[in-house]
Amino acid sequence: MYPGNKRKKLWREEKERLLKMTLEERRKEYLGDYVALKTIPTWMEDLKSKSESDGENAKEDLQGKKSLSEKVSLYRGDITLLEVDAIVNAGLCLECISWVWNS
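Thresholds, definitions, all that
- Residues numbered from 1 in each chain as written.
- Predicted model: local features only at pLDDT ≥ 70, side-chain atom pairs only at ≥ 80, totals over all residues.
- Heavy atoms only, no water.
- Helix = DSSP H or I, 4+ residues; strand = E, 2+ residues; numbered from the N terminus.
- Buried < 20%, exposed > 50% of the residue type's maximum accessible area, 1.4 Å probe, protein only.
- Patch = residues over 30% accessible without salt bridge, like charges linked within 9 Å, V, L, I, M, F, W, Y side chains within 5 Å.
- Areas by Shrake-Rupley, 256 points an atom, 1.4 Å probe, with all protein chains shown as cover.
- Salt bridge = Lys/Arg side-chain N within 4 Å of Asp/Glu carboxyl O.
- Contact = heavy atoms within 4.5 Å.

Trainee: Before we move on, can you summarise the environment of isoleucine 79 with the specific residues and values?
Mentor: Counting through the fold element by element, isoleucine 79 comes out in the loop between helix H5 (66–69) and helix H6 (94–102). For isoleucine 79, a relative accessible area of 42% puts it in the partly exposed group. Sequence-wise, isoleucine 79 and valine 35 are 44 residues apart; in three dimensions their C-alpha atoms are separated by 8.8 Å.

Right under this line is the structure:
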């Protein structure tokens, strides 16, 4: 067996092992602290908490952004601590921003 094939086999075995584990079992294998995604408020939840302290201005923002704001969360901190399967490069792409902005 070639070295590349052996690595691929080991990777598949590890993937299967992890997929069979419960969340609690996986958490026991973490090397340090983690941030569970359910602890990060959605944009809507964040706006609601701000609207309680800001008054009417934030309520207007809630109406226009409801569908997107219930799906998106903003996180400030070390993204390597997030309890996710992958982290994707979120580098600035002016072409992407232009496309989203004009849509």
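Trainee: Can you lay out a nonpolar patch on the surface for me, pointing to particular residues and giving the numbers?
Mentor: A contiguous nonpolar patch, built from Leu37, Ile79, Val84 and Ile87 and spanning about 330 Å² of accessible area, is present on the exposed surface. The residue leucine 37 is located in the loop between helix H2 (23–28) and helix H3 (43–54) in this model. Look at leucine 37 and you get partly exposed, because its relative accessible area is 46%.

Trainee: I'd love a proper account of the side chain of glutamate 83, names of residues and values included.
Mentor: With respect to the element layout, glutamate 83 can be found in the loop between H5 and H6. What glutamate 83 contacts, discounting residues up to four positions off in sequence, is Leu23, Arg27, Tyr30, Tyr34, Val35, Ala36 and Leu37.

None of this, on its own, says anything about what the molecule does.
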